[in-house]
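Coordinates in review
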Amino acid sequence: MEDQTIEQKQPLQQVRISVRNLVEFLLRSGDIDNRMSRGLQMNAMQEGTRIHKKLQRGMGSSYSAEVPLKLDVCTEHYVLTVEGRADGVFTREDIPCIDEIKGVYQDVANMESPVPVHLAQAKCYAYIYAMQHDLDEIGIQMTYCDLDTEEVNRFYECVAFGELEEWFDTLMKEYRKWADFQFEWHQTSMASIKRMEFPFDYRPGQRELVADVYRTILRRKNLFIQAPTGTGKTVSVLFPAVRAVGEGKGEKIFYLTAKTVTATVAMETFAVFRSHGYRGKVVQITAKEKLCKCETPECNPDACPYAKGHFDRVNDAVFDLLQQEDCFSREVLLTQAEKYMVCPFELCLDVSSWSDVIVGDYNYVFDPTVYLKRFFAEGNKGDYLFLVDEAHNLVERGRQMYSERIVKEDVLKVKRLLKPFSKRVERELDRVNKIMLSYKRECEDHRIHESINDLVFALMRLAAEMERFLQKPLTLPERDEVMEFYFGLRNFLNIYELVDENYIIYSAMEEDGSFGLKLYCADPSRNLQECLDKAHSTVFFSGTLLPIGYYKSLLSTKPDNYAVYAHSVFTPDQRLLFIGKDVSSKYTRRTPEEYDRIAFYINKIARAKKGNYIAFFPSYKMMLDVEEQFEYLAGDTIDVILQTQNMREQQREAFLAEFEQKRERSLVAFCVMGGIFGEGVDLREDQLIGAIIVGTGIPQIGGESEILRDFFDARGGAGFDYVYRFPGMNKVQQAAGRVIRTLSDVGVIALLDERFLQSDNRRLFPREWEDFKTCTLDQVDGLLEAFWSGIGASE
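Our subject in this report is the structure included herewith. (Residues numbered from 1 in each chain as written. Predicted model: local features only at pLDDT ≥ 70, side-chain atom pairs only at ≥ 80, totals over all residues. Heavy atoms only, no water.)

**Concerning the sheet that holds strand 22 (residues 667-672)**
Taken together, seven strands build an open sheet; the order of strands is 21-22-20-23-24-19-25 and the sheet is parallel. Taken across any chain shown, the strands that pair with only one partner, and hence form the sheet edges, are strand 21 (639-642) and strand 25 (773-775). The sheet shows a mean angle of 20° between the axes of neighbouring strands, direction not considered. Pairing of strand 23 (residues 690-694) with strand 24 (residues 747-752) involves five bridges; the strand directions are parallel. Following the sheet pairing, Ile 692 is matched in strand 24 by Ala 750. On the sheet, helix 21 (residues 592-608) packs against strand 19 (575-580), strand 20 (612-617), strand 22, strand 23, strand 24 and strand 25 and is oriented at approximately 160° with respect to strand 20. (Pairing = 2+ DSSP bridges. Helix = DSSP H or I, 4+ residues; strand = E, 2+ residues; numbered from the N terminus. Axes fitted to C-alpha atoms, helices over the stretch in contact; angles between N-to-C directions. Contact = heavy atoms within 4.5 Å.)

This is the structure we're talking about:
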């Protein structure tokens, strides 16, 4: 570029881009088409890394592996840094050569030439290396390796430096407007952050919490926050993170959530920041199914007009949108996608590359199958700030992300589907089925496996045959089912590469009669830590992160993580918290007489003051049994609604809308603890004045839970706590947290189970519960009357 020789009088701002992101962004074209086999795009995780290392070792001692390369292109106002890591540098016929290795699920023998984007990546490395070593020419070798067979196909060419220079300058000129935008926007955003002040009056303890988060980022550490409702945790975490970015302590913020409702709160907080002068590009990544403009997401040019020619138009759509908007909501993205006829989900992902803040689900950072490769692939590491909301959910989500299962019945089904089309695939499916049949014969209920090498080898052979078969232009009536099985198979093999002492491999007979084998990630901390290591700092926060040592041990492997307990602004006189000590949800006590007693408690609580109440139960069946008793008891004097199984979004909204209705009598909603209404529901003031929590939330004992219990017992004897008690009490605290949401809220929290009085459960109570009361059914009327009359007097 002509700006390269401009003299620098003072340090210039750096604009960075990786070689891979540069070429993939500028050189893509054509359609989105998910019908094509993902062989060339689908680099496996550990398997791809293993092949890289094996090939590099095989090139001899003169071969330099993983060579970092960086080029600073100076302009008048900033330095554009293009950087990456060449897989290898070696000498061929006295000419230095760049080696670019791609591990793919593909029959590489049939490749006639390199993939253009892959070759462009190698050409970038070649240009940088040749310029820095004053070479007149340089070799470029593209090495493709079939990850199934380890067969290798290499393409080599020798290129004159002048030709590379001309090509690279053209690439830089095309990227110039994007780099200019990035520089100019950075200046605008940083200036706005320097003027930012906390947008509210600080609540008691909130200033200290903001300082704790800022200090954590400053020291490049991780922080766990137990943040009771009312601490203003969202703004208390986001404000110092934004300020840290403004001071160069972070590059991009990822606000990660488990539920859409918490993502909405984050977006609302940024709206408040904008009203106080903040300029930052904020995108909320929405699931493809919710963004897709078609009835079903069929991403190919025949089924979707937005997929046809998408890559020819999407860069223009992104650049135009960046000039027009700062907040990229679902509605904004859909409008822009319609204007340019591009896929709204892919548009959303591309916009994230230029955003200062990304709000989205945990899986965009942690899930090995769907993480955002543009930020985290190939060991990429940035000055990212991870803010993990409702972090108690990440334990179970982490287990799900890093576990995989293969089912014998699915193998047989795919075998039947593909039998008319491929004898080779049918033979490999039969081989897998026979091995699983032998496992099944040795399994009465479940069986722990020390080794499954025979099955893994058979699955690798099957995956290779299916890959070759799926590359053929065949019309399969059940192609979606076959592809789903294939990708599950690939994921199983990828997850197997992660298996270590944190995993349990077990086979089991399921209730539906199926037989499966599971790679179960019992302790996800190591896998999650590998993701956390790609960030500058991470803040985990939740209103129910107790006991904090449990979450620290399962969400990270670092021993020096910080932890704080945020101050609650609510006062004890805002709520009545009591334990009903003459009832229990223990399995041995689940009788009609016990259900009667629980129903009487609910009836008395709902009659003590007219209002809306939620009764939470440990299971759907128990909820129905108690509700039947309650209906008989209350008749038509109290309104009742029930959570139903598999509620759709519209049904959930209708359910919550019931709490906004004006009523002549009380409403009791019967719900399942830990379900869709057990957390993330924000019913304020008169919308909810009581929560009745039946039982200690302990999951049903048996099955996989017992396997997990044995795992943690073997580690240190805390199996029951880790698998049952801690998760159960978390659900209890989440349900209780629905009642007091603001400083003006008042209400009742009834813990109906004598087991709450056991010391092992009481020690898990948050600090705010120290003033709990106890009562029996005969005493509850007096307790309620005293509380509500006291509230009336204070008003």
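**What to know about the nonpolar core**
Formed by 199 residues in total, the largest nonpolar core has its most connected members in Leu 80, Tyr 175, Phe 254, Phe 366, Leu 517 and Leu 751. Top element by residues in this core is helix 4 (residues 161-194). It accounts for eleven residues. In contact with Phe 366, other than residues within four places in its own chain, are Leu 256, Val 388, Leu 394, Met 401, Tyr 402, Leu 528, Cys 531 and Leu 532. (Core = buried A, V, L, I, M, F, W, Y, C linked by side-chain atoms within 4.5 Å. Buried < 20%, exposed > 50% of the residue type's maximum accessible area, 1.4 Å probe, protein only.)

**Some points on unusual backbone geometry**
That bond from Leu 546 to Pro 547 is cis: its omega, -10°, falls within 30 degrees of zero. Here Pro 547 lies in the loop between strand 17 (537-542) and helix 20 (548-555). Within the chain, Glu 66 stands out as a residue other than glycine whose phi angle is a positive 50°. Note that Glu 66 resides in strand 2 (residues 64-74). By relative accessible area, Glu 66 is classed as partly exposed at 31%. The phi angle at Arg 220 is positive, at roughly 60°, despite the residue not being glycine. Among the structural elements, Arg 220 can be located in the loop between helix 5 (206-218) and strand 7 (222-226). With relative accessibility at 44%, the residue Arg 220 sits in the partly exposed group.

**Concerning the sheet that holds strand 14 (residues 446-448)**
Spatial strand order, 13-16-15-14: four strands in an open sheet with antiparallel pairing. At either end of the open sheet lies a strand with only one pairing partner, and these are strand 13 (404-407) and strand 14. Within this sheet the neighbouring strands show an average axis-to-axis angle of 20°, counted without direction. Pairing of strand 14 with strand 15 (residues 503-509) involves three bridges; the strand directions are antiparallel. Across the sheet, the residue bridging to His 446 is Ala 508, located in strand 15. Relative to the sheet, helix 16 (residues 423-441) contacts strand 13, strand 14, strand 15 and strand 16 (515-521), its axis offset from that of strand 16 by approximately 85°.

**Focus on helix 6 (residues 233-246)**
Taking 1.5 Å as the rise per residue, helix 6 with 14 residues should run 20 Å; its terminal C-alpha atoms sit 20 Å apart, in good agreement. With 13 of its 14 residues buried, helix 6 lies for the most part within the structure. Residue Gly 248 follows helix 6 closely and has a positive phi angle near 75°. (Expected span 1.5 Å × (residues − 1).)

**A closer look at empty space enclosed by the protein**
Within this structure, the stated rule accounts for three cavities of 30 Å³ or more. Put simply, the largest cavity is a space of about 100 Å³. Surrounding the largest cavity, 13 residues form its lining, Cys 292, Cys 299, Cys 304, Tyr 306 and Cys 343 being those nearest its centre. Partitioned by chemical class, the residues of the lining of the largest cavity number ten nonpolar, one polar and two charged. Taken as a whole, the second largest cavity holds about 50 Å³ of empty space. Around the second largest cavity, the lining residues are Ser 189, Met 190, Ile 193, Val 242, Val 245, Ile 253, Tyr 278, Asp 356 and Val 357. The greatest single-element share of the lining of the second largest cavity, amounting to three residues, is contributed by helix 4. Along the lines of polarity and charge, the residues of the lining of the second largest cavity split into seven nonpolar, one polar and one charged. (1 Å grid on protein atoms, 1.4 Å probe; cavity = no way out; pocket = protein on both sides within 12 Å on 5 of 7 lines; lining within 4 Å. Points joined across faces, edges and corners; volume = space filled by probe spheres on them. Nonpolar A, V, L, I, M, F, W, Y, C, P; charged D, E, K, R; others polar.)

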